[in-house]
Amino acid sequence: METDCTNPSDCTNPSDRANPSGRAGDGAPAPGTPTRLPAGTRLLHIGPHKTGTTSIQGALFAAKEKLPAYGVAYPAQSRHPMQAVLAACSRTGMIGDTTPTERHWARLVDQVHAAGRHTCVISSEFFADAPDDATAERIVEQLGGESVQVLVTLRPLVRIMPSQWQQYVQNGLRMGYEDWLEHMLRKAPYEKPNPSFWRRHRHDRLVERWVRVVGADRVTVVVVDDRDRGGLMRVFEGLLGLPANLLQPVPDTANRSLTLAETEMLRNLNKEFRGNGLPDELYSLLVRNGAVMHMKNTCSPTSQDVRIYTPDWAVRAAAGIGAEMADRIGSTGVRVIGDPALLSAPSAVPGPAGQGPGEARIAPEVAAQALYGALAAVAAAPGGGSARAVHQTSSRELVRVLGHRCLKRLRRH
């Protein structure tokens, strides 16, 4: 995978700086109301991750039956056509999951073509993971060529970092947050342990890659203002020519971020899992889609939960990179909706100023729900138990028996 530079001194030439307000170089304020796209446009929303993609996908999918009346289509059989996009970008997906195939992508392309003259929205944050320009060019050509417009949604890097870290932990990461920040921000080439992070979140380079493919006049950047909860919905309604408030948020507990305590519990479980050499398929079944999914669906964070705390040095580094990214995006000539200054604003940091890290303590009921989720996944596996009771079986043998049962079940599907 291509290495993305992340050190501000490595990535920005002072001569490249431009006024990031509105369209590059014109000094005008960012437009408040987006212009409706031409009929038949293929609006390719490429994310990246943690920029409101799930919210938009949920709202569009919920309104899917209403959209054709306004000349719009959302061609997807589920909220997020993740498998199709993973296949298009040659990605394997989450650890332990079945690798998507080209037929997933071909099916989505057929659905887009079937929309005819309707304006189509194709939304997936995994488009941001396209490994090279050739892949992006193929995606654009297959979806409609010159009718494709690219939409990039952005949030401040300082808000993305803790959310993305806990997401990586949900996919097996064992590194603590501050250590992870050290690797991402201070240890060149800034690609360990997660090379995908800067591929997605060096946002200026992301915009530049897609500008090379479709041209600046067909790329729109939306800077999400977290203070305006409905702002992103209104932008999509304006671009698609939809009535105000047609798109509404859809609750999705399965997609919520983990608290610090939940993340630390999972991170330590990941250490044990890897330390015992258990297979990825077992992690997918029992941990991510068992323990974690059940915990997220049954336990809601409270005001007592400790947030994931980003140390001051990392906040300053992220704000500096955010300012440079805003300037470079401004110099590309793309249309910008929203205020690029938000990408580096100190107020983007959640929580009271100066708040330090807290002690992560997992609530007993949360731990119980996580354990139950794993047990429920085991219970769904085929039977055929040992003559001995569970309490008479060693932990090592029990893990081997449960793993064998779960893998047998996976192979049958």
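Refer to the structure presented above.
Rules of the game
Note that residues are indexed from 1 along each chain, following the sequence as it is written. In keeping with the model being predicted, local features are shown solely for residues with a pLDDT of at least 70 and side-chain atom pairs are shown and tallied solely at 80 or more, while totals for entire chains, interfaces and linings include all residues. For the side-chain quantities, the full set of heavy atoms in the structure was used; hydrogens and water were omitted. Each helix corresponds to a stretch of at least 4 residues labelled H or I by DSSP, and each strand to a stretch of at least 2 residues labelled E; elements are numbered beginning at the N terminus. Only Phe, Tyr and Trp rings are paired, with Trp represented by its six-membered ring, and only when their centres lie within 6.5 Å; those with planes under 30 degrees apart are stacked, over 60 edge-to-face, the remainder tilted. The buried label goes to any residue with under 20% of its type's maximum accessible area, the exposed label to any with over 50%, and the partly exposed label to all in between, with areas taken from a 1.4 Å probe on protein chains only. Put simply, buried Ala, Val, Leu, Ile, Met, Phe, Trp, Tyr and Cys residues joined by side-chain atoms within 4.5 Å make one nonpolar core. Throughout, a contact is declared for two residues whenever any of their heavy atoms are within 4.5 Å. Here an angle of 0 to 180 degrees is reported between the N-to-C directions of two axes, which are lines fitted to C-alpha atoms, with helices fitted over the stretch in contact. Small angles under 35 degrees read as roughly parallel and large ones over 145 as roughly antiparallel, with 65 to 115 read as roughly perpendicular and the rest as oblique. By convention, the crossing between two helices is left-handed when the near helix turns anticlockwise from the far helix through less than a right angle, and right-handed when the turn is clockwise. Gly counts as polar in this scheme, as do all residues outside two lists: the nonpolar Ala, Val, Leu, Ile, Met, Phe, Trp, Tyr, Cys and Pro, and the charged Asp, Glu, Lys and Arg. The term polar contact refers here to a pair of N or O atoms within 3.5 Å; inside protein, the definition further demands a hydrogen-donor-capable atom paired with an acceptor-capable atom, and it admits residues adjacent in sequence only when both atoms are side-chain atoms. At least two bridges found by DSSP between two strands is the condition for calling them paired. Salt bridge criterion: a side-chain nitrogen from Lys or Arg within 4 Å of a carboxyl oxygen from Asp or Glu. This arc corresponds to the set of directions leading from the helix axis out to the C-beta atoms.

Let us now look at unusual backbone geometry. Between Gly 47 and Pro 48 the backbone carries a cis peptide bond, its omega angle lying at 10°. The residue Pro 48 is located in the loop between strand E1 (42–45) and helix H2 (53–62) in this model. With an omega of 5°, the peptide bond between Lys 192 and Pro 193 qualifies as cis. Relative to the assigned elements, Pro 193 resides in the loop between helix H7 (177–185) and helix H8 (196–201). Of note in this structure, Ser 90 is not a glycine but carries a positive phi near 55°. A positive phi angle, close to 70°, is found at Asn 245, a residue other than glycine.

Now for the packing of aromatic side chains. One pass over the structure, following the stated rule, counts 7 aromatic pairs. On the basis of an interplanar angle of 45° and a centroid distance of 5.1 Å, the ring pair of Trp 165 and Tyr 177 is categorised as tilted. Residue Trp 165 is found in helix H6 (residues 157–169), and its partner Tyr 177 is found in helix H7; the two are separated by 12 residues along the sequence. Take Trp 165 and Tyr 177: they sit in the same class, and that class is buried. Relative to Tyr 283, the ring of Phe 273 has its centre 5.2 Å away and its plane inclined at 80°; by these criteria the two rings are edge-to-face. Here Tyr 283 lies in helix H12 (residues 280–298) and Phe 273 lies in helix H11 (residues 260–275), a separation of 10 residues in the sequence. Across the pair, exposure class does not vary: Phe 273 and Tyr 283 are buried alike. Members of the aromatic cluster, connected to one another through ring pairs, are Trp 165, Tyr 168, Tyr 177, Trp 180, Phe 197 and Trp 198.

Right, let's get into the nonpolar core. Core analysis: the biggest nonpolar cluster contains 44 residues, and Leu 44, Trp 105, Val 150, Val 152, Trp 210, Val 221 and Val 334 have the highest contact counts within it. Contributions of two or more residues to this core are made by helix H3 (82–88), helix H4 (102–114), strand E3 (119–123), helix H5 (133–143), strand E4 (148–154), helix H9 (203–214), strand E5 (219–223) and helix H13 (312–331). If you tally residues by element for this core, the top one is H9, at 6 residues. Those residues in contact with Val 221, other than ones at most four positions away along the chain, are Val 152, Leu 154, Val 207, Ile 329, Val 334, Arg 335, Val 336 and Ile 337. Listed in part, the 43 residues of the second largest apolar core include Val 158, Ile 160, Trp 180 and Ala 291.

Here the focus is the packing of H5 against H9. When two helices pack together, their arrangement is captured by the angle between the axes and the distance separating the axes. Contact geometry for H5 and H9: axes closest at 9 Å, N-to-C directions at 55°. Considering the angle they form, H5 stands oblique to H9. Once H5 is placed against H9, the crossing between them reads as right-handed. Residues Asp 133, Ala 136, Glu 137 and Val 140 of H5 form the contact with H9, whose participating residues are Arg 209, Trp 210, Arg 212, Val 213 and Val 214. For the contact of H5 with H9, the class distribution of residues is 5 nonpolar, no polar and 4 charged.

This next bit is on the side chain of Gln 170. In this structure, Gln 170 sits in the loop between H6 and H7. Polar side-chain contacts of Gln 170 include one of 2.7 Å to the side chain of Gln 166.

Spatially, 6 strands are ordered E2-E3-E1-E4-E5-E6 in an open sheet, and the strand pairing comes out parallel. Lying at the two open borders of the sheet, with one neighbouring strand each, are strand E2 (72–73) and strand E6 (335–337).

Take the pairing of E5 next. Burial analysis of E5 places 5 of its 5 residues in the buried class, which makes it a mostly covered element. Residues of E5 alternate between two faces, with Val 219, Val 221 and Val 223 on one and Thr 220 and Val 222 on the opposite face, all of them buried. Of the pairings in the sheet, the one linking E4 to E5 comprises 5 bridges and is parallel in character. The residue of E5 that forms the bridge with Leu 151 is Thr 220. By the bridge criterion, 3 bridges tie E5 to E6 in an arrangement that is parallel. Residue pairing for E6: Val 222 is matched across the bridge by Ile 337.

For the structure on display, the rule yields 18 salt bridges. With its nearest N and O atoms 2.9 Å apart, the salt bridge here joins Asp 129 to Arg 200. Of this pair, Asp 129 sits in the loop between E3 and H5 while Arg 200 is found in helix H8, placing the two residues 71 residues apart along the sequence. You'll find Asp 129 and Arg 200 in the same group, each marked buried. Between Asp 226 and Arg 159 there is a salt bridge, with its nearest N and O atoms 3.2 Å apart. Of this pair, Asp 226 sits in the loop between E5 and helix H10 (231–240) while Arg 159 sits in helix H6; the two residues are 67 residues apart in sequence, bridging distant segments of the chain. The class for Arg 159 is partly exposed, based on a relative accessible area of 25%. Within this structure, Arg 202, Asp 204, Arg 205, Glu 208, Glu 324 and Arg 328 form a network of salt bridges that share partners.

When we look at burial in H5, the residues that qualify are Thr 135, Ala 136, Ile 139, Val 140 and Leu 143. Projected down its long axis, H5 shows its buried positions confined to an angular sector of 135°, all on one face. Across from the buried face of H5, at angles greater than 90 degrees, the exposed residues are Ala 134 and Glu 141. Downstream of H5 by one or two residues, Gly 144 has phi in the positive range, about 150°.

Nothing here speaks to function; it is all geometry.
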